[in-house]
Amino acid sequence: MTDTTASRSAVPTIELNDGTTIPQLGFGVFKVDPAQTEKIVSSALEAGYRHIDTAAIYGNEEGVGRAIAASGIPRDELFITTKLWNTEHGTESAFAAIDASLGKLGLDRVDLYLIHWPSPAQDRYIETWKALEQIQQQGKARSIGVSNFLLPQLTRLLAETDVVPAVDQIELHPALQSTELTTFARSKGVQIEAWGPLGQGKYDLFEVPEVTGPAQAHGKTPAQVVIRWHLQSGNIVFPKSNNPARIAENFAVTDFELTDAEMAGITGLERGHRVSAHPDEVN
Ligand code: NAD
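Below or above, wherever it landed, is the structure these notes cover. (Residues numbered from 1 in each chain as written. Predicted model: local features only at pLDDT ≥ 70, side-chain atom pairs only at ≥ 80, totals over all residues. Heavy atoms only, no water.)

Here we come to helix 2 (residues 34–47). Its 14 residues place the ends of helix 2 20 Å apart at the C-alpha level, agreeing with the 20 Å of an ideal helix rising 1.5 Å per residue. Listed as buried for helix 2 are Thr37, Ile40, Val41, Ala44, Leu45 and Ala47. In a view along the axis of helix 2, the buried residues occupy a sector of 150 degrees, so they form one face of it. Exposed side chains of helix 2 directed beyond 90 degrees from the buried face belong to Ala35 and Lys39. Its buried side turned inward, helix 2 meets strand 3 (27–28), strand 4 (51–53), helix 3 (61–71) and helix 10 (244–251). Where helix 2 begins, the side chain of Asp33 points an oxygen toward the backbone nitrogen of Ala35, at a separation of 2.9 Å. (Helix = DSSP H or I, 4+ residues; strand = E, 2+ residues; numbered from the N terminus. Expected span 1.5 Å × (residues − 1). Buried < 20%, exposed > 50% of the residue type's maximum accessible area, 1.4 Å probe, protein only. Arc of directions from axis to C-beta. Contact = heavy atoms within 4.5 Å. Polar contact = N/O pair within 3.5 Å; in protein donor to acceptor, adjacent residues only side chain to side chain.)

A complete count under the given rule lists five aromatic pairs for this structure. Measuring from ring centre to ring centre gives 4.6 Å for Tyr49 and Phe251, while their planes differ by 45 degrees; the resulting arrangement is tilted. In this pair, Tyr49 sits in the loop between helix 2 and strand 4 while Phe251 sits in helix 10, placing the two residues 202 residues apart along the sequence. Exposure class is identical for Tyr49 and Phe251. Each is buried. Plain terms: the ring middles of Trp117 and Trp195 are 6.3 Å apart, the flat faces sit at 70 degrees to each other, and that makes the pair edge-to-face. Pair noted here: Trp117 is in the loop between strand 6 (110–115) and helix 5 (125–137) and Trp195 is in strand 9 (residues 191–195), with a separation of 78 residues, a long-range link. Chaining the aromatic ring pairs together yields one cluster made of Phe27, Tyr49 and Phe251. Geometry around Phe256 places Arg228 over its ring, the cationic atom sitting 5.9 Å from the centre. (Phe/Tyr/Trp six-rings, centres within 6.5 Å; stacked < 30°, edge-to-face > 60°. Lys NZ or Arg CZ within 6 Å of the ring centre and 35° of its normal.)

Shown next as structure tokens:
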């Protein structure tokens with residue numbers, strides 16, 4: 001077994017607005033085959049990851065739970081996020097949803113529970129958020145947050161409810177940085193989690209000179225450079241891969257630093273390019 005103690009302890013943490021801390025780098029399991037999830041999450045834990053991002057809709061919470069149980073890693077050293085799916089908006093549905101997720105994960109609490117999408121057509125996210133506030137009070141989720149909330153939903157949530165979300169998890173990669181949203185969220189104490197941090201491999205991100213240049217200069221891969229750009233930008237990230245070599249590669253990003261000019265080059269790749277669904281259209 002490789003000794004990952006040094007790299008693990010080097011993962012920066014971010015303090016959330018409720019006083020808890022989150023490892024800034026984790027492992028995401030969107031589209032990880034449920035039958036393979038235990039094995040793949042085990043290899044991520046072996047590589048040193050301690051933060052796992054799943055969701056009820058991914059259908060793989062049980063595999064995540066089995067990997068956690070098999071790892072023997074003390075619960076307090078792990079940070080586990082899951083999410084409430086769109087069909088579960090509403091008070092009673094939210095209470096049932098968290099219990100179902102905890103049952104599948106084999107845990108008595110998650111570290112972060114998110115509303116997966118605001119689902120504006122249903123217009124129930126305020127009610128659902130109030131249920132999450134209770135779920136937090138009951139100790140079933142240490143922190144609560146939202147995902148895919150754009151400015152209109154986030155602004156309304158802040159105006160109409162008591163607890164400020166710890167995070168907003170949004171699509172964010174060099175070609176889509178949503179700066180107006182992230183600046184507003186951070187000004188209110190909402191940390192930004194970047195999903196699709198590598199653009200889901202859907203555009204030429206790893207071939208452009210703004211990324212390949214720093215990769216060559218630091219002896220790193222393009223993926224490592226992009227993950228490093230996220231960390232230095234203050235984003236929380238959990239890149240996904242099914243491949244153990246890439247899982248380890250994506251974790252080895254704490255031993256180099258991009259210069260201001262390299263950071264600016266990658267930031268300059270913004271072009272408002274969404275690689276996945278617009279939140280208004282997911283209901
Ligand atoms: P990602 O940007 O992490 O891209 C993953 C893809 O990038 C892989 O399938 C692979 O093709 C490629 N890749 C990964 N490592 C690589 C490497 N080292 N070299 C070359 N290619 C590599 O996309 P994602 O999985 O969509 O996002 C990460 C996580 O964010 C998800 O697993 C999930 O946990 C979360 N997520 C959340 C939402 C949401 O609505 N809240 C939506 C999508 C994803």
